[in-house]
Amino acid sequence: MGMGGAMDSCGRCMKVSLIAINVIIFLSGAFALGVGTWVWVSRSFTSTLMSNNMFIASVAVVVVSGAAMMLLSILGCCGAAKEVKCMLLTYYILVFIIFVVALVGGILQFVFREKVHSTLDREMFASIPYYGVKHEYTKAWDDTQTFLQCCGVRNHNDWNDNVPESCCKEVYPGKRLDCKSSPNPTTMYTDGCLEKAVEFLRENAVNVGATAIVTAIVMLLALIFSCALFVKIE
């Protein structure tokens, strides 16, 4: 099994450090999983309008990486505590894979952040004709306008004479003001949804991207300590 023998003080320090790093990895994985899941759920109202695979894929990468980190941290702790070289080698290889994946996921989020405006602008205008025709677009627009308190892409004029009820200000859930017969700033949302959606998605992209980058840094430390401990085990 490749069990280690007695180690010097430096080796014991590496062992304790690797166990400590894996505790941090477990917590970081749980945090990444939580942030990724929250962003995935909270951005669902714009997913149909956005149709951007880069954002969706990179969030999925962070969610999967977080779950994998939690499992790997257990393997790392066992390998360090028992000083099993084959277990540490397996741990090193898997951590390296997750490190690369998390790093790529974080970079993709920052790339998406810069491109979101042009992508969303095009997709939102293209989806307007489907409002009231296709359920998924109707629901996406209603959810977006309600959540972000906005109307249309740039303003309510984008709807021409077919302003959705979701553009009307909500007094309380299920009850809205009548903005169709008397459209004015007191009865309807006047801000366009594009800028609000872009700001919302950019904030989410930064949160997920930063989480992924920090996660990758923690994984890098795990790679260093696991390699050092592997060498120290006789």
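So, how was this worked out
Residues numbered from 1 in each chain as written. Predicted model: local features only at pLDDT ≥ 70, side-chain atom pairs only at ≥ 80, totals over all residues. Heavy atoms only, no water. Phe/Tyr/Trp six-rings, centres within 6.5 Å; stacked < 30°, edge-to-face > 60°. Helix = DSSP H or I, 4+ residues; strand = E, 2+ residues; numbered from the N terminus. Buried < 20%, exposed > 50% of the residue type's maximum accessible area, 1.4 Å probe, protein only. Salt bridge = Lys/Arg side-chain N within 4 Å of Asp/Glu carboxyl O. Disulfide = S-S within 2.5 Å. pLDDT = per-residue confidence, 0-100. Contact = heavy atoms within 4.5 Å. Patch = residues over 30% accessible without salt bridge, like charges linked within 9 Å, V, L, I, M, F, W, Y side chains within 5 Å. Areas by Shrake-Rupley, 256 points an atom, 1.4 Å probe, with all protein chains shown as cover.

Attention now moves to the packing of aromatic side chains. Using the criterion set out here, one finds five aromatic pairs in the structure. Measuring from ring centre to ring centre gives 5.1 Å for Tyr131 and Trp159, while their planes differ by 65°; the resulting arrangement is edge-to-face. In this pair, Tyr131 sits in the loop between helix H4 (85-127) and helix H5 (135-148) while Trp159 sits in the loop between H5 and strand S1 (170-172), placing the two residues 28 residues apart along the sequence. No difference in accessibility class separates Tyr131 from Trp159, as the two residues are buried.

The tally for this structure, following the rule as stated, stands at three salt bridges. Here Arg154 ties to Asp121 by a salt bridge, and the two come within 3.2 Å at their closest N and O atoms. Pair noted here: Arg154 is in the loop between H5 and S1 and Asp121 is in helix H4, with a separation of 33 residues, a long-range link. Take Asp121: its relative accessible area is 17%, and that puts it in the buried class. Across the pair Asp191 and Lys196 runs a salt bridge, and its minimum N-O distance is 3.7 Å.

Here the focus is the state of the cysteines. One pass over the full model with this rule turns up three disulfides. The disulfide partner of Cys150 is Cys193, and the S-S distance across this bridge is 2.0 Å. One quick way to see it: the torsion about the S-S bond of Cys150 and Cys193 is about 95°, and its sign makes the bridge right-handed. Linking Cys150 in the loop between H5 and S1 with Cys193 in helix H6 (residues 193-232), this pair joins segments that are 43 residues apart in sequence. By the burial criterion, Cys150 is buried, and Cys193 matches it.

Looking at the chain, pLDDT values average 80 and 89% of them are 70 or higher. Low pLDDT, under 50, characterises residues 1-5; the stretch is placed with 16 contacts to residues that sit more than four places away or in other chains.

What follows concerns the environment of Ile233. Here Ile233 is to be found in the segment after H6. For Ile233, a relative accessible area of 3% translates into the label buried. As for Ile233 and Lys15, which are separated by 218 residues in sequence, their C-alpha atoms are 9.7 Å apart.

This brings us to a nonpolar patch on the surface. On the surface, Leu89, Tyr92, Ile93, Leu94, Phe96, Ile97, Val100, Val101 and Val104 cluster together into a nonpolar patch covering about 710 Å² of accessible area. Within the secondary structure layout, Val101 lies in helix H4. Its relative accessible area of 33% is what places Val101 among the partly exposed residues.

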